[in-house]
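Structural features, examined
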Amino acid sequence: MADETTETPKPRRTFDSAYGFSFAIAVGLALFIAGLVVTLTVGEGTSTGLIFGVPLIFAGLVIPLFMMRGLFKTSEIKEPCPSCGETIKTSDATLQLRCPSCHKVINVREEKLFLAEQ
Ligand SMILES: [Zn+2]
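Residues numbered from 1 in each chain as written. Predicted model: local features only at pLDDT ≥ 70, side-chain atom pairs only at ≥ 80, totals over all residues. Heavy atoms only, no water.

1. Focus on the overall build of the protein
Per the secondary structure count, the protein includes three helices and five strands. Going from N to C terminus, the protein has its helices and strands arranged as α-α-α-β-β-β-β-β. Considering the protein as a whole, with its 118 residues, one finds that 20% of them fall into the buried category. In the protein, of all internal contacts separated by at least 6 residues, the share reaching a separation of at least 24 is 35%. Of the roughly 8,600 Å² that the protein leaves accessible, carbon and sulfur atoms contribute 65%. (Helix = DSSP H or I, 4+ residues; strand = E, 2+ residues; numbered from the N terminus. Buried < 20%, exposed > 50% of the residue type's maximum accessible area, 1.4 Å probe, protein only. Contact = heavy atoms within 4.5 Å. Areas by Shrake-Rupley, 256 points an atom, 1.4 Å probe, with all protein chains shown as cover.)

Shown next as structure tokens:
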């Protein structure tokens, strides 16, 4: 019974990531299309259009990558081992690890370390 309550608060992070992901794609696409339009219309194929259009296309490709890099960056956890107290550094992408000091199996859940039952 007690274990059920600890499992529920999960969807917040995944929702933010999904939202940010589509936002990054939308921004990139908008810049890319704007760049194409500028390149093809302004100056009618002369270098004037390229000078303004190419940086926009470039920004449309690079900006989403930067935005997504921030999204996928996992937060670092620095917590004492629940068994021996040795400070363990890991990321919240880790689900399970072994303490380098006491070699006990530790579960990582919501940025906290829990001793695995064996
Ligand atoms: Zn330990």
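2. Concerning the coordination of the zinc ion
For the zinc ion, the full set of protein donor atoms is Cys81 (SG), Cys84 (SG), Cys99 (SG) and Cys102 (SG), at a range of 2.3 Å. Viewed at the metal, the four donor atoms of the zinc ion are separated by angles of 105 to 115°, and the geometry they form is tetrahedral. Under the relative-accessibility criterion, Cys99 is labelled buried at 1%. (Donors = N, O, S within 2.8 Å, 3.2 Å for Na, K, Ca; no water. Tetrahedral: all angles 85-135°; square planar, octahedral: opposite > 155°, others 65-115°.)

3. Some details on the sheet that holds strand 3 (residues 96-98)
The three strands lie next to each other as 3-4-5, forming an open sheet whose pairing is antiparallel. Edge positions in the sheet fall to strand 3 and strand 5 (112-115), since each of these pairs with one other strand and no more. Averaged over neighbouring strand pairs, the angle between their axes works out to 35° when direction is ignored. (Pairing = 2+ DSSP bridges. Axes fitted to C-alpha atoms, helices over the stretch in contact; angles between N-to-C directions.)

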